[in-house]
Amino acid sequence: MPETSTPRPEARLKKPLRVIRIDPDHPAPQTIHQAAALIQNQGVVVFPTQGLYGLAADARDSLAIKKIFHIKHRPETNPLLILIHSPMDLEELVTHIPDAAHRLMQAFWPGGLTLIFKAAPRVSDLLTAGTGKIGVRIPSHPVARALVKAAGRPITGTSANRSGAPGCSQIKDLSQDLIRAADLVLNAGPLKGGTGSTILDVTCDPPWVIRQGRIPFDSIRQVLGP
């Protein structure tokens, strides 16, 4: 009878279980590292953010970024925001961090505030859509924070939906086409839903609200002053 061999771990990573349950508050390190390994190898992972599910890919890899646009049917004229683990990660992504941005990061990161900075030359034009600006946020959801830390690089944070369609707060609401296109889906159960992050352009003085979201404008004004 011929011997059967156990597939190497790296071989198993190429065809992971498509949907994996994950504890939203205490994500299993093994599952997080499996997802991070896929991201490090141009994979796409569906993961929970604070309110909606998102699509994570290596924000430094052009091929991985193009996969996100393809999955979402998103025009490349629309920029993609990215998630980081620490404010120190901004050093390689932006050209300047204004004083207002420092105060806002201290007040609202991790959390539902995306800040738009002038992008460093190394940031892909696919992310900025040729605007020269990049939106950045530190996520507050434990799974999202663990994933970006384990990946060891910025990841995309766009919502897991077809461009123009509503975001999804439950895995059952994701399209089957999207699930098939992703390399892995981290199912953390129902999320809060609601609006996405507030988006604030800190390249302007005073900063300009691009989109009202989870962080009310009044709260921002209290930090920045009149």
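It should be emphasised that the depicted structure is a prediction, and the values quoted were computed from it without experimental measurement.

> Would you take a moment to explain the sheet that holds strand 7 (residues 155-156) for this structure?
Neighbouring strands of a sheet are bound in pairs by backbone hydrogen bonds; such pairs are parallel or else antiparallel. Judged by pairing direction, the sheet is mixed, and its six strands sit side by side in the order 7-4-6-5-10-11 without closing on themselves. Of all strands in the sheet, those bounded by a partner on one side alone are strand 7 and strand 11 (208-211). Relative to strand 5 (residues 113-118), helix 4 (residues 99-108) is tilted by about 155°, and along the sheet it contacts strand 5 and strand 10 (198-201).

> Looking at this structure, how should I read the environment of Lys-67?
Tracing the backbone shows Lys-67 in helix 3 (residues 62-72). Distance from Lys-67 to Ala-57, taken between C-alpha atoms, is 8.3 Å for residues 10 residues apart in sequence.

> What should I look at first to understand the side chain of Asp-201 in this one?
Checked against the element boundaries, Asp-201 lands in strand 10. Residue classification places Asp-201 among the buried residues on the basis of a relative accessible area of 5%. Here Lys-133 takes part through its side chain, which lies 2.9 Å from a polar atom of the side chain of Asp-201. One polar contact links Asp-201 to Thr-203, side chain to side chain, over a distance of 2.5 Å. Discounting chain neighbours no more than four positions away, the residues touching Asp-201 are Ile-116, Lys-133, Pro-207, Trp-208 and Ile-210.

> Explain unusual backbone geometry to me, please; I cannot follow it from the model alone.
Keep in mind that most residues, glycine aside, have a negative phi and that most peptide bonds are trans. Along the chain, Trp-109 connects to Pro-110 via a cis peptide bond; the corresponding omega equals -5°. Along the chain, the position of Pro-110 falls in the loop between helix 4 and strand 5. Even without glycine at this site, His-73 takes up a positive phi of about 55°. As for its placement among the helices and strands, His-73 is situated in the loop between helix 3 and strand 4 (82-83). A positive phi angle, near 55°, is found at Ala-129, a position not held by glycine. When you line up the elements, Ala-129 lands in the loop between helix 5 (125-128) and strand 6 (133-137).

> Hey, could you run me through the pairing of strand 3 (residues 53-56) in this one?
Each regular strand shows side chains that alternate between the opposite faces of the sheet. Taking every second residue as pointing to the same face, both faces of strand 3 are buried, with Tyr-53 and Leu-55 on one and Gly-54 and Ala-56 on the other. Bridge count between strand 2 (residues 45-48) and strand 3: four bridges; the pairing is antiparallel. Its bridge partner lying in strand 3, Phe-47 is registered against Gly-54. Between the antiparallel neighbours strand 2 and strand 3 lie four residues. In terms of strand pairing, strand 3 meets strand 8 (residues 158-159) through two bridges, oriented antiparallel.

> Sorry if this is basic, but what is going on with the nonpolar core here?
Soluble, globular proteins show a tendency: their nonpolar side chains are buried together. Membership of the largest hydrophobic core comes to 67 residues, with the highest contact counts inside it found for Val-46, Trp-109, Leu-113, Leu-115, Phe-117 and Ile-155. Dropping the residues within four chain positions of it, Ile-155 is found in contact with Ile-39, Phe-47, Ala-56, Ala-57, Ala-59, Leu-81, Ile-82, Leu-83, Leu-147 and Val-148.

> Looking at this structure, how should I read the sheet that holds strand 9 (residues 184-187)?
Ordered in space as 1-9-2-3-8, the five strands form an open sheet in which the pairing is mixed. Every other strand in the sheet has two partners, leaving strand 1 (19-21) and strand 8 as the edge strands with one partner each. Along the sheet face, helix 2 (residues 29-40) touches strand 1, strand 2, strand 3 and strand 9 and points at about 145° away from the line of strand 9.

> I keep staring at the pairing of strand 11 and nothing clicks. Help me out?
Looking at chain direction, strand 10 and strand 11 are connected through three bridges and run antiparallel. For Ile-199, the partnering residue across the bridge sits in strand 11 and is Arg-211. Hairpin remark: strand 10 followed by strand 11, antiparallel, with six residues in the connecting loop.

> For this particular structure, what's the right way to read the confidence of the model for the protein chain?
As a note on interpretation, predicted positions should not be read in detail where pLDDT is low. For the protein chain, the mean per-residue pLDDT works out to 91, and 92% of the residues sit at or above 70. Across residues 1-16 the pLDDT falls below 50, and counting only partners more than four positions away or on other chains, this stretch makes nine contacts in the model.

What counts, and at which threshold
Residues numbered from 1 in each chain as written. Predicted model: local features only at pLDDT ≥ 70, side-chain atom pairs only at ≥ 80, totals over all residues. Heavy atoms only, no water. Pairing = 2+ DSSP bridges. Helix = DSSP H or I, 4+ residues; strand = E, 2+ residues; numbered from the N terminus. Contact = heavy atoms within 4.5 Å. Axes fitted to C-alpha atoms, helices over the stretch in contact; angles between N-to-C directions. Buried < 20%, exposed > 50% of the residue type's maximum accessible area, 1.4 Å probe, protein only. Polar contact = N/O pair within 3.5 Å; in protein donor to acceptor, adjacent residues only side chain to side chain. Core = buried A, V, L, I, M, F, W, Y, C linked by side-chain atoms within 4.5 Å. pLDDT = per-residue confidence, 0-100.

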